[in-house]
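These are the residues of each chain, in order.
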Amino acid sequence: MDGHVGKLIDSVGSIFRGSDILPWCDRDIIAGFESEVAEAKNEEQKNESLMRLSWALVHSRQPEDVNRGIGMLEASLDRSSSPEQAREKLYLLAVGRYRTGDYTRSRQLLERCLEIQHDWRQAMTLQRLVEEKTRRDGMIGMAIITGAFGVVGLVAGGIIAAASSSSRRR
């Protein structure tokens, strides 16, 4: 277990080294936390292990892991023992939704986090990422639409020019 926790700490440490805003998690870390859940001796240990497993899943590069983490967190959200635990679960759900590209839902979850603790830096950082990604995707979408209209305009112009050219020849 110590090796898995060490890898987890290295992954989280990448945030502070500037290599990635949101850390990624490997399959071996996930497998370690799955074992930890299976070996839990009581309900408290199991719940703590499930939170670590959920964290690892939503930080995975594998979409099926991320979706599994989202499902686990959604199923356990109503059973949060404190506002802080609810905040943690909401944040992890927001990370999962961000990873799946559901930026609208991620933003909504982050707003709920910030209702619980308005100055929580992690949530504010992810909120900025969501806003940047939404803005960037919107700009790309506008460029695609503008390009499509441009192509349609060129084709229509070509057809009109060809039609007028053929009518002049007659």
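What counts and how
Residues numbered from 1 in each chain as written. Predicted model: local features only at pLDDT ≥ 70, side-chain atom pairs only at ≥ 80, totals over all residues. Heavy atoms only, no water. UniProt positions renumbered as here; feature names shortened; annotations may be inferred. Salt bridge = Lys/Arg side-chain N within 4 Å of Asp/Glu carboxyl O. Helix = DSSP H or I, 4+ residues; strand = E, 2+ residues; numbered from the N terminus. Buried < 20%, exposed > 50% of the residue type's maximum accessible area, 1.4 Å probe, protein only. Expected span 1.5 Å × (residues − 1). Arc of directions from axis to C-beta. Contact = heavy atoms within 4.5 Å. Core = buried A, V, L, I, M, F, W, Y, C linked by side-chain atoms within 4.5 Å. Axes fitted to C-alpha atoms, helices over the stretch in contact; angles between N-to-C directions. Parallel < 35°, antiparallel > 145°, perpendicular 65-115°, else oblique. Left-handed = near helix turned anticlockwise from the far one by under 90°. Nonpolar A, V, L, I, M, F, W, Y, C, P; charged D, E, K, R; others polar.

Per an unreviewed UniProt entry, the recorded name for the protein chain is Mitochondrial fission 1 protein, and the organism is Miscanthus lutarioriparius. Turning to the protein chain, the UniProt record has this under Function (unreviewed entry): "Component of the peroxisomal and mitochondrial division machineries. Plays a role in promoting the fission of mitochondria and peroxisomes." Quoted verbatim from the Sequence similarities (unreviewed entry) field of the UniProt record, the comment on the protein chain reads "Belongs to the FIS1 family."

**Comments concerning the pattern of salt bridges**
This structure, assessed with the given rule, holds 6 salt bridges. Between E36 and R52 there is a salt bridge, with its nearest N and O atoms 2.3 Å apart. On the criterion of sequence distance, the pair formed by E36 in helix 2 (residues 27-39) and R52 in helix 3 (residues 43-58) is long-range, its members being 16 residues apart. E36 sits in the buried class, given a relative accessible area of 7%. Take R52: its relative accessible area is 30%, and that puts it in the partly exposed class.

**Examining helix 4 (residues 63-76)**
For helix 4, which comprises 14 residues, the first-to-last C-alpha distance of 20 Å matches the rise-based estimate of 20 Å (1.5 Å per residue) to within 8%. Within the span of helix 4, buried status applies to D65, V66, G69, I70, L73 and S76. Buried residues of helix 4 fall within an arc of 140 degrees about the axis and therefore sit on the same side. With respect to the buried face of helix 4, the exposed residues turned more than 90 degrees away are P63 and E64. For helix 4, the elements touching its buried residues are helix 2, helix 3 and helix 5 (83-100).

**Considerations on the nonpolar core**
Grouped together as the largest cluster of nonpolar side chains are 33 residues, with contacts concentrated most on Y91 and L126. If you list the elements that add at least two residues to this core, you get helix 2, helix 3, helix 4, helix 5, helix 6 (103-116) and helix 7 (121-169). At 7 residues, the largest contribution of residues to this core is made by helix 5. Those residues in contact with Y91 that sit more than four places away from it in its chain are L22, L110, C113, W120, Q122, A123 and L126.

**As for the side chain of S54**
Relative to the helices and strands, S54 resides in helix 3. For S54, the residues in contact, after removing those within four places along its chain, are M72 and L73.

**With respect to the packing of helix 2 against helix 3**
Two elements in contact, helix 2 and helix 3, have axes separated by 9 Å at closest approach and are oriented at 165 degrees. Regarding the angle of helix 2 to helix 3, the classification is roughly antiparallel. The hand of the helix 2/helix 3 crossing is left-handed. For the pair helix 2 and helix 3, contact is made by I29, I30, F33, E34, E36 and V37 and by K46, S49, L50, R52, L53, A56 and L57, respectively. Split by residue class, the contact of helix 2 with helix 3 holds 8 nonpolar, 1 polar and 4 charged.

**Points about the environment of S49**
Tracing the chain through its elements places S49 in helix 3. Among the residues examined, S49 registers a relative accessible area of 2% and is labelled buried. Counting along the chain gives 16 residues from S49 to F33, while the straight-line C-alpha distance between them is 6.5 Å. In contact with S49, not counting residues within four places along its chain, are E36 and V37.

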